[in-house]
Amino acid sequence: AEHGVDKDEVILKDDHPDTVAEAFEKWSREVCGVMHRYNQIDGWSLYSNDKYQLIENEEEIEKYIRDFIRDHVKIKARRKNEDGTFTTYYTKPDRKQKSVQYITNIMKWLRDMPGVHLRPSQKAPCSLDGSLNPRNIIAMKNGLLDITDRKKPVLMPFTPDFYTFNYYRFPFDPTRKAPTWLWALGEYFQDEDGKPDVLVPDVLHSRMKKYVLSDTRDHKILAIIGRRRSGKGTIARTIQELMGGQQNVATITISILASDFGLQPLLNKQLAIMWDASLAGKNGDTNKAVEILKN
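Residues numbered from 1 in each chain as written. Predicted model: local features only at pLDDT ≥ 70, side-chain atom pairs only at ≥ 80, totals over all residues. Heavy atoms only, no water.

**Student:** Is there a simple way to think about the pairing of strand β4 (residues 51-54) in this case?
**Tutor:** The side chains of a regular strand alternate, first on one face of the sheet and then on the other. Pairing of strand β3 (residues 43-48) with β4, which is carried by four bridges, proceeds in the antiparallel orientation. Residue S48 lies in a different strand from β4, and its bridge partner there is K51. The turn linking β3 back onto β4 is made up of two residues, and N49 within it adopts a positive phi angle of 55°. (Pairing = 2+ DSSP bridges. Helix = DSSP H or I, 4+ residues; strand = E, 2+ residues; numbered from the N terminus.)

**Student:** Mind showing me how you'd approach the layout of surface pockets here?
**Tutor:** In this approach the atoms are scanned with a rolling probe the size of a water molecule, which exposes any empty space left behind. Of the pockets and cavities examined, the second largest pocket occupies roughly 1300 Å³. The dominant element in the lining of the second largest pocket, judged by the number of residues it contributes, is helix α5 (residues 199-212), at four residues. Tallied by class, the residues present in the lining of the second largest pocket amount to 17 nonpolar, two polar and seven charged. (1 Å grid on protein atoms, 1.4 Å probe; cavity = no way out; pocket = protein on both sides within 12 Å on 5 of 7 lines; lining within 4 Å. Points joined across faces, edges and corners; volume = space filled by probe spheres on them. Nonpolar A, V, L, I, M, F, W, Y, C, P; charged D, E, K, R; others polar.)

**Student:** In this structure, what is going on with the pattern of salt bridges? I would like to understand it.
**Tutor:** Here the structure, examined in full by the defined rule, presents nine salt bridges. Ionic pairing is found between K74 and E9, a salt bridge with its closest N-O pair at 3.5 Å. In this pair, K74 sits in strand β5 (residues 73-80) while E9 sits in the segment before β1 (10-12), placing the two residues 65 residues apart along the sequence. One network of salt bridges, with partners in common, ties together K63, D67, R70 and D71. (Salt bridge = Lys/Arg side-chain N within 4 Å of Asp/Glu carboxyl O.)

**Student:** Looking at this structure, I do not really get the sheet that holds strand β2 (residues 35-39). What am I missing?
**Tutor:** Where strands meet in a sheet, backbone hydrogen bonds hold them as pairs that are either parallel or antiparallel. Here we have three strands laid out as an open sheet, ordered β2-β3-β4, and antiparallel in their pairing. One side of each edge strand has no neighbouring strand; the edge strands of this open sheet are β2 and β4. Direction aside, the axes of adjacent strands within the sheet are offset by 30° on average. (Axes fitted to C-alpha atoms, helices over the stretch in contact; angles between N-to-C directions.)

**Student:** Explanation requested: the sheet that holds strand β8 (residues 137-140) in the structure shown.
**Tutor:** Strand order in the open sheet formed by three strands is β8-β9-β10, and the pairing between neighbours is antiparallel. Each having just a single partner strand, β8 and β10 (154-156) make up the two edges of the open sheet. Neighbour to neighbour, the strand axes of the sheet diverge by 30° on average, direction disregarded.

**Student:** I keep staring at the packing of helix α1 (residues 17-32) against helix α3 (residues 100-112) and nothing clicks. Help me out?
**Tutor:** Relative placement of two packed helices is described by the angle separating their axes and the distance separating the axes. Two elements in contact, α1 and α3, have axes separated by 8 Å at closest approach and are oriented at 60°. As for how α1 packs across α3, the hand of that crossing is right-handed. Every residue of α3 that contacts α1 at P17, D18, V20, A21, F24 and E25 is listed here: Y102, N105, I106, W109 and L110. (Left-handed = near helix turned anticlockwise from the far one by under 90°. Contact = heavy atoms within 4.5 Å.)

**Student:** How do you make sense of the packing of helix α4 (residues 179-188) against helix α6 (residues 232-242) when you look at a structure like this?
**Tutor:** The interhelical angle for the contact between α4 and α6, taken along N-to-C directions, is 150°, at an axis separation of 11 Å. Taken together, the axes of α4 and α6 lie roughly antiparallel to each other. Viewed along their axes, α4 and α6 form a crossing whose handedness is left-handed. On α6, the residues that touch W181, L185 and Y188 of α4 are T234, I235 and T238. Of the residues assigned to the contact of α4 with α6, the class counts are four nonpolar, two polar and no charged. (Parallel < 35°, antiparallel > 145°, perpendicular 65-115°, else oblique.)

**Student:** How should I be thinking about the packing of aromatic side chains in this particular structure?
**Tutor:** Aromatic ring pairs are described here by two measures, namely the spacing of the ring centres and the angle between the planes. Within the structure shown, the criterion is met by nine aromatic pairs. With a centroid separation of 5.1 Å and 55° between ring planes, the pair formed by Y38 and W44 is classed as tilted. Take W44: its relative accessible area is 5%, and that puts it in the buried class. One aromatic cluster is present, formed by Y47, Y52, Y163 and F165 through successive ring pairs. One residue, K63, lies across the ring of Y64, its end atom 5.3 Å from the ring centre. Note that R111 overlies the ring of Y38, its terminal NZ or CZ placed 5.9 Å from the centroid. (Phe/Tyr/Trp six-rings, centres within 6.5 Å; stacked < 30°, edge-to-face > 60°. Buried < 20%, exposed > 50% of the residue type's maximum accessible area, 1.4 Å probe, protein only. Lys NZ or Arg CZ within 6 Å of the ring centre and 35° of its normal.)

**Student:** It is not clear to me how the pairing of β8 should be interpreted in this structure. Could you clarify?
**Tutor:** Side chains of β8 alternate between two faces, with I137 and A139 and I138 and M140 buried alike. One ladder, built from four bridges, connects β8 with strand β9 (residues 143-146); its direction is antiparallel. Bridge pairing in β9 links A139 to L144. In sequence, β8 turns back onto β9 through a hairpin of two residues.

Printed below as a string of structure tokens:
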């Protein structure tokens with residue numbers, strides 16, 4: 001604490017962009033509990049309340065930087081007196097320091113700071129310090145579930161070292177069962193004698209495990225084929241909710257995939273669902289979509 005300085009003010013030695021960027025990130029972490037991250041693939045994100053979330057528009061960060069400068073920053077300076085002594089005083093940054101170019105320069109320094117900047121190889125999901133295997137970690141509502149030992153999964157606390165945007169909306173509870181789901185599958189899939197088909201649920205559940213773990217090594221696409229109102233949509237919606245809803249699941253169509261930016265909706269998603277794989281569109285669209293899916 002210094003004379004003439006409020007407790008919520010940050011005193012800087014100068015107003016250079018690098019100085020402001022370092023002070024802003026320190027203030028964000030220590031006061032607001034927010035940690036910024038950046039890499040070339042995912043763009044900007046922040047870690048707050050034990051979870052990462054993408055920042056779709058970097059202007060949001062620019063706004064907080066402007067607010068930080070306006071409400072919290074003071075520059076420490078000295079004035080030489082006539083008797084040769086110096087007087088310390090504090091001043092607010094000039095209006096010009098809030099210009100677009102100035103804020104842009106601060107953003108560049110913030111982006112390149114250690115602890116903020118991530119290498120391109122550190123794209124979500126990954127373990128920033130290498131201590132966790134993303135293939136065996138599921139981010140639940142109540143912590144990180146390590147299923148390295150499938151028979152004895154371990155629930156661990158959240159950590160900023162596990163970099164992911166895919167979180168489930170329900171807690172891990174090994175005691176929970178799903179009798180309604182199992183009953184529905186018995187109604188949807190039956191053998192020639194009208195009895196529940198025991199094989200189909202096993203196949204479906206094996207694919208759902210792959211989706212939960214974001215495991216794409218099999219290079220397989222699951223197709224559910226059946227007549228209208230036979231349960232296909234219900235199964236797909238149940239899987240979507242299991243996966244955390246639209247935050248983690250993309251909805252695509254043949255025409256979307258064949259468009260110029262058809263893969264954009266798939267970024268940072270664990271699963272893509274094509275509700276109706278209709279081939280009624282243009283033949284060129286179908287051929288292009290098939291090529292994309294095979295790749």
